[in-house]
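# Fold and geometry: a report
What follows is the residue order along each chain.
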Amino acid sequence: DNGGRSGRGGRSGALSPSPVVEEVQRIDVNPPKGTRDFPPEDMRLRTWLFNHFREVSRLFGFEEVDYPVLESEALFIRKAGEEIRDQLYCFEDRGNRRVALRPELTPSLARLVIQKGKSLSLPLKWFAIGQCWRYERMTRGRRREHYQWNMDILGLPEVTAEAELISSIVAFFKRIGITESDVGFKVSSRKVLQEVLRCYSVPENLFGKVCIIIDKIEKIPIDEIKRELNATGLSEEAIEELLQVLSIKSLTKLEEILGGAGEAVADLKELFSLSEKFGYSEWIQFDASVVRGLAYYTGIVFEGFDRQGKLRAICGGGRYDRLLSTFGGDDVPACGFGFGDAVIVELLKEKGLLPELNLEVDNIVCALDYDLQGVAAEVATKLREKGQSVDLVLESKPLKWVFKRAARTNAQRLVLVGNTEWQKGMVGVKILSSGEQYEIKLDELE
Ligand SMILES: OCc1cccc(Br)n1
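Counting restarts for each chain, with residues numbered from 1 along the sequence as it is written. Given that this is a predicted model, residues contribute local features only at a pLDDT of at least 70 and side-chain atom pairs are listed and counted only at 80 or more, while totals for whole chains, interfaces and linings are drawn from all residues. Side-chain descriptors were evaluated using all non-hydrogen atoms of the structure, hydrogens and water having been removed beforehand.

## What about helix α8 (residues 236-246)?
Those residues of α8 not exposed but buried are A238, I239, L242, L243, V245 and L246. Looking down the long axis of α8, one finds its buried residues gathered within 160° of arc, a one-sided arrangement. The exposed set on the far side of α8, more than 90 degrees from its buried face, consists of E236, E237 and Q244. Residue contacts follow a heavy-atom distance rule, with two residues in contact if any of their heavy atoms lie within 4.5 Å. Strands are runs of DSSP state E lasting at least two residues, helices are runs of H or I lasting at least four, and both sets are numbered from the N terminus onward. Looking at the buried residues of α8, the elements they touch are α5 (190-199), α6 (207-214), α7 (222-231) and α9 (251-258). Classification of residues uses two cut-offs on accessible area relative to the type maximum, computed with a 1.4 Å probe and protein chains only: under 20% is buried, over 50% is exposed, and between them is partly exposed. It is the directions from the helix axis to the C-beta atoms whose arc is reported.

## A look at the packing of α6 against α7
At a closest axis distance of 10 Å, the pairing of α6 and α7 adopts a crossing angle of 170°. Classified by the interaxial angle, the pair formed by α6 and α7 is roughly antiparallel. Facing α6, whose interface residues are V210, I213 and I214, α7 presents I225, E228 and L229. Here the residues of the contact of α6 with α7 sort into 5 nonpolar, no polar and 1 charged. Geometry is summarised by axes, namely lines fitted to C-alpha atoms with helices restricted to the contacting stretch, and by angles between N-to-C directions that run from 0 to 180 degrees. Here the word oblique covers every angle except those under 35 degrees (roughly parallel), over 145 (roughly antiparallel) and from 65 to 115 (roughly perpendicular). Under the scheme applied, nonpolar residues are Ala, Val, Leu, Ile, Met, Phe, Trp, Tyr, Cys and Pro; charged residues are Asp, Glu, Lys and Arg; polar residues are all the others, including Gly.

## Re a nonpolar patch on the surface
Like-charged residues within 9 Å of one another, or nonpolar side chains (Val, Leu, Ile, Met, Phe, Trp, Tyr) within 5 Å, are grouped into patches, provided each residue has over 30% relative accessible area and no salt bridge. Computed by Shrake-Rupley with a 1.4 Å probe, the accessible areas treat only the displayed protein chains as cover when residues are assessed. Basic side-chain nitrogens of Lys or Arg form a salt bridge, by our definition, when they fall within 4 Å of a carboxyl oxygen of Asp or Glu. Side chains of L368, L399 and F403 sit close together on the surface and give an oily, nonpolar patch of about 230 Å² of accessible area. Within the secondary structure layout, L399 lies in helix α14 (residues 399-408).

## Side note on the sheet that holds strand β10 (residues 315-319)
Adjacent strands of a sheet form backbone hydrogen bonds with each other and so pair up, either parallel or antiparallel. Read across the sheet, 8 strands follow the order β1-β5-β6-β11-β10-β9-β7-β8 without closing on themselves; strand pairing throughout is mixed. Sheet topology places β1 (63-64) and β8 (284-286) at the edges, where each strand pairs with a single neighbour. Should DSSP find at least two bridges between two strands, the strands are taken to pair. Bridge count for strand β7 (residues 183-189) against strand β9 (residues 300-306) is 7 bridges, and the pairing is antiparallel. Bridge pairing in β9 links F185 to G304. Along the sheet, helix α4 (residues 160-175) contacts β6 (145-154), β7, β8, β9, β10 and β11 (334-340); its crossing angle with β11, the most-contacted strand, is approximately 20°. The sheet strands contacting α5 are β7 and β9, and the helix crosses β7 at an angle near 30°.

## What about the pattern of salt bridges?
Taken as a whole and assessed by the stated rule, the structure comprises 29 salt bridges. In this structure, R36 and E145 form a salt bridge, with 2.6 Å as the shortest nitrogen-oxygen distance. Highlighted residues: R36 in the segment before α1 (40-59) and E145 in strand β6, separated in sequence by 109 residues. Since its relative accessible area comes to 26%, R36 is described here as partly exposed. Residue class for E145 comes out buried when judged on its relative accessible area of 2%.

## Side note on the site of the ligand
In this text, near means that some heavy atom of the residue lies within 4 Å of the molecule or strand in question. As a structural note, the neighbourhood of the ligand is formed by P103, C132, W133, R134, R143, R144, E145 and H146. Within the side chain of R134, one N or O atom sits 3.4 Å away from a nitrogen atom of the ligand. Expressed as a share of its isolated accessible area of 290 Å², the protein-covered part of the ligand is 79%. At the level of secondary structure, the elements contributing two or more residues to the shell around the ligand comprise β5 (124-133) and β6. Classifying every residue of the shell around the ligand gives 3 nonpolar, 1 polar and 4 charged. Pairs of N or O atoms are called polar contacts if they sit within 3.5 Å, as long as, within protein, a hydrogen donor faces a hydrogen acceptor (for residues adjacent in sequence, only side-chain-to-side-chain pairs).

## Concerning unusual backbone geometry
Residue L122 is joined to P123 through a cis peptide bond whose omega torsion reads -5°. For N96, which is not glycine, the phi dihedral falls at a positive 60°. Tracing the chain through its elements places N96 in the loop between β3 (89-92) and β4 (98-101). Judged by relative accessible area, N96 falls into the exposed class, the value being 57%. Backbone geometry at S201 places phi at a positive 40°, although glycine is not the residue there. As for its position among the elements, S201 is in the loop between α5 and α6.

## Remarks on the nonpolar core
The criterion is simple. A nonpolar core is a set of buried Ala, Val, Leu, Ile, Met, Phe, Trp, Tyr and Cys residues joined through side-chain atoms within 4.5 Å. Ranked by internal contacts, the top residues of the largest apolar core, which has 76 residues, are F173, F185, F339 and I344. For this core, the leading source of residues is α4, giving 8 residues. Core analysis: the next-biggest nonpolar cluster, separate from the first, contains 22 residues, Y67, L124, V301 and V332 among them.

## Overview of the sheet that holds strand β15 (residues 426-431)
Sheet architecture is open: 5 strands sit in the order β13-β12-β14-β15-β16, paired in mixed fashion. A single partner strand is all that each edge strand has here, and the edge strands are β13 (390-392) and β16 (437-441). With direction set aside, neighbouring strand axes in the sheet form an average angle of 25°. As judged from the 6 bridges shared by strand β12 (residues 361-367) and strand β14 (residues 411-417), these two strands associate in the parallel manner. Paired with C366 across the bridge in β14 is L416. Contacting β12, β13, β14 and β15, helix α13 (residues 373-385) crosses the sheet at an angle of about 165° to β13.

## Some remarks on the confidence of the model for the chain
Overall, the predicted model of the chain reaches an average pLDDT of 93, with 96% of residues at or above 70. Here pLDDT means the predictor's own confidence in every residue, given as a number from 0 to 100. Predicted confidence is poor over residues 1-11, with pLDDT under 50, and the contacts of this stretch with residues over four places away or in other chains come to 11 contacts.

Have a look at this one:
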């Protein structure tokens, strides 16, 4: 069915009017609230960003993995009061199963590692770039989906794993022109909190909840923080001491307060020493107030921030040694990070570092007469088999139109198939940047 279009060489694209035109209500052509389309120019930037994510992951010897966007809701039900839980994009499917669009990738990784069990050889280094979802009341007009790059190392209890992960993020920043004067990493350890809470014999099961409250320290008033901490059962004294410790910005000071025997100080000292060896010590700073907003972190935590303080956290991660056992699996030491696709673009805009990405095509091939459409297809196929991209004009168009399209698509070369030349087995070529033009035998066309 040619859709009512006229025959060969006729005006293409014109549909013969249907006999009865019923009034069709126009659908909402915007994507659902909080979601984005990626038209070509936006997709070029996303592809550019993801290619850097992938190249860094390759340089660090990580293997790519992925999981379903849809997971069992149970994977994300944690009782620590996390925002990610309150905003879970969950529903009951037609089989009456409780399911959710993943709000993060780490629980899926844990699920797959448990599923694979002993067949996996540790340590494993996996990376993923996946779309993650949250259902937030649109009052705040924030997005409901973003793409996250995750890198995770499982099976390594040593702090070298965290040091390697931060190194990979630094490598990414450097590739796109971001320096340590633009961004830094605030680094701490949840063991700092643990050691303080232990002094006040706070039960371990409160640990996640306390962390989630403290993660809000810069987002809600301090009195609200104290009230919520109090509501978990912490004494006034414990709360005061906790807030004191959280304001510490130097490891030396931390050691004075906690003593030198604890794991928190030892881990952090080792990380800062490794950062010298990795060559990114200028990028990181100790900041005891960093706890991150996910309940399952158990050790070192870190977050990338813009030094101008204009943007939300760029990325974040840490150690989560106990996550697998919360799903009934055997614990495996683990650490990883998530890096969203939105804040980084805001940062690149701020810094004037957005790349110029234009559509590029090597050739535009056009038959000057519709009878030569087959020959044009032959030319296009030959060039494509040589690895050259070809925008083949699939209809009869005036040369003016072809030149206009060549300019818009930034075609490097125009190949014209015309009767005169084709009688001699030749095609016409025009190099669009220089204007140089010549005839050439088809089998000599490179
Ligand atoms: O960073 C939290 C988050 C999770 C899912 C989707 C979006 Br947008 N943001």
